[in-house]
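Working through the structure, step by step
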Amino acid sequence: MNFNHFEEATPSPQAGQGAETVHSPWRLVEGVENATSSGMPSKFTPLNFPTFVAFLRFVPNDAESNTYQGDFPRSNLLSQNKEAFEKLKHAPAIPGVIEDILKRWSPRAYSDQVVTPESLKEAFEAARWAASSYNEQPWRFLVGHRGDETYKKILESLIEFNQSWAKTAPVLILSVGKKTFTANGSPNHYQLHDTGAATAYLALQATALGFHTHSMGGFDLDKVRKSFNIPEDFEIGSVTALGYLGDPDTLPEQVKQMELAPRERKPLSEIVFSEWEKPLKF
Ligand SMILES: Cc1cc2nc3c(=O)[nH]c(=O)nc-3n(C[C@H](O)[C@H](O)[C@H](O)COP(=O)(O)O)c2cc1C
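So, a few notes on the structure that sits alongside this text. These numbers were taken from a predicted model, which means no experiment stands behind them.

Thoughts on the sheet that holds strand 4 (residues 234–243)
- Here four strands make up an open sheet; going across it, the order is 1-2-4-3 and the pairing antiparallel. The open sheet is flanked by strand 1 (139–145) and strand 3 (212–216), the only strands paired with a single partner. Each strand axis lies, on average, 25° off the axis of its neighbour in the sheet, ignoring direction.
- Helix 7 (residues 149–157) contacts strand 1, strand 2 (171–178) and strand 4 of the sheet and is inclined by roughly 105° relative to strand 1.

What follows is the structure, given as structure tokens:
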């Protein structure tokens, strides 16, 4: 069973920002909040048993999409839930691939555990060292902590579906990219590419530090631009939730199903070519 069709069915490129207010396929699942109860998770509480068992059923033993290849020890099952749950969401152990890449994934349930300023700084230090065209470093990040005005403005810009889960994250980040090269004012066609790369570094560093990120395209670009007075020379990138993993049982039911679903990826043959659409022979 796969709920990813909720997510990727109608990918919505972010072009022509002026005209479109919200860019996202996430509207598909709007209203989900009304269908179920949603609550703010406190600390990570062990998944309830039926949920955990249901999760195990989602995961094929030999799945290409995750690491689950056997049975978990049945003793202390509940106390091990968090670790076991994390493991189930990891990519398969691919020899040679950096471990934190395999361990990164995008949760929707976050706990109340505080991300220390030191850890947050470390994550942005990693972002800072991404490559960029002409070393322009076009990325800028607006960071809100739950309870402050920046957080409130970012949260309010999200579509309802994203709000339903992102409100549990202790940190919300808005990324923007500078559209022109500072040296000569010419257009920088790579600014969102580079801003995305920096955001990916942030995500990987977060993984190394034991917490998670989840980027979003489902938000109102015009609203967020106005609320932060972002100059026209900057393109709005994405919103990223950041924090420690929370309990999926605290999510609205449909979101919880997405949280419990196995992760999937296209095979290399579909994405790496020697000629157009001719798979590269490695
Ligand atoms: C630019 C971008 C926009 C995204 N937009 C949303 C969003 O609006 N809502 C959401 O729940 N997830 C969103 N996602 C998360 C993706 O669905 C997720 O990264 C993808 O399913 C792969 O899962 P993984 O990150 O766990 O590997 C977005 C991810 C990216 C990179």
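Some points on the packing of helix 7 against helix 10 (residues 221–228)
- It is at 8 Å that the axes of helix 7 and helix 10 come closest, and there the two elements cross at 160°. One element, helix 7, and the other, helix 10, form an angle in the roughly antiparallel class. Helix 10 is crossed by helix 7, and the crossing has right-handed handedness. Side by side, helix 7 and helix 10 meet where Lys153, Ile154 and Ser157 of the first sit next to Lys223, Val224, Ser227 and Phe228 of the second.

Things to note about unusual backbone geometry
- Of note in this structure, Asn135 is not a glycine but carries a positive phi near 50°.
- By the secondary structure assignment, Asn135 is in the loop between helix 6 (117–128) and strand 1.
- Residue classification places Asn135 among the exposed residues on the basis of 7 C-beta atoms within 10 Å.

A look at the pairing of strand 2
- In terms of residue burial, strand 2 counts as a mostly covered element, since seven of its eight residues are buried.
- Relative to strand 2, strand 1 runs antiparallel, the two sharing seven bridges. Paired with Leu142 across the bridge in strand 2 is Leu174.
- Across seven bridges, strand 2 lies against strand 4 in antiparallel orientation.

So, the environment of Leu251
- With respect to the secondary-structure elements, Leu251 resides in the loop between strand 4 and helix 11 (253–260).
- For Leu251, a count of 26 C-beta atoms within 10 Å gives the class buried.
- Through-space distance from the C-alpha of Leu251 to that of Ala109 is 6.5 Å; in sequence the pair is 142 residues apart.

The rules behind these values
Residues numbered from 1 in each chain as written. Predicted model: local features only at pLDDT ≥ 70, side-chain atom pairs only at ≥ 80, totals over all residues. Pairing = 2+ DSSP bridges. Helix = DSSP H or I, 4+ residues; strand = E, 2+ residues; numbered from the N terminus. Axes fitted to C-alpha atoms, helices over the stretch in contact; angles between N-to-C directions. Contact = placed C-beta atoms within 7 Å. Parallel < 35°, antiparallel > 145°, perpendicular 65-115°, else oblique. Left-handed = near helix turned anticlockwise from the far one by under 90°. Buried ≥ 20, exposed ≤ 12 C-beta atoms within 10 Å, placed from the backbone.

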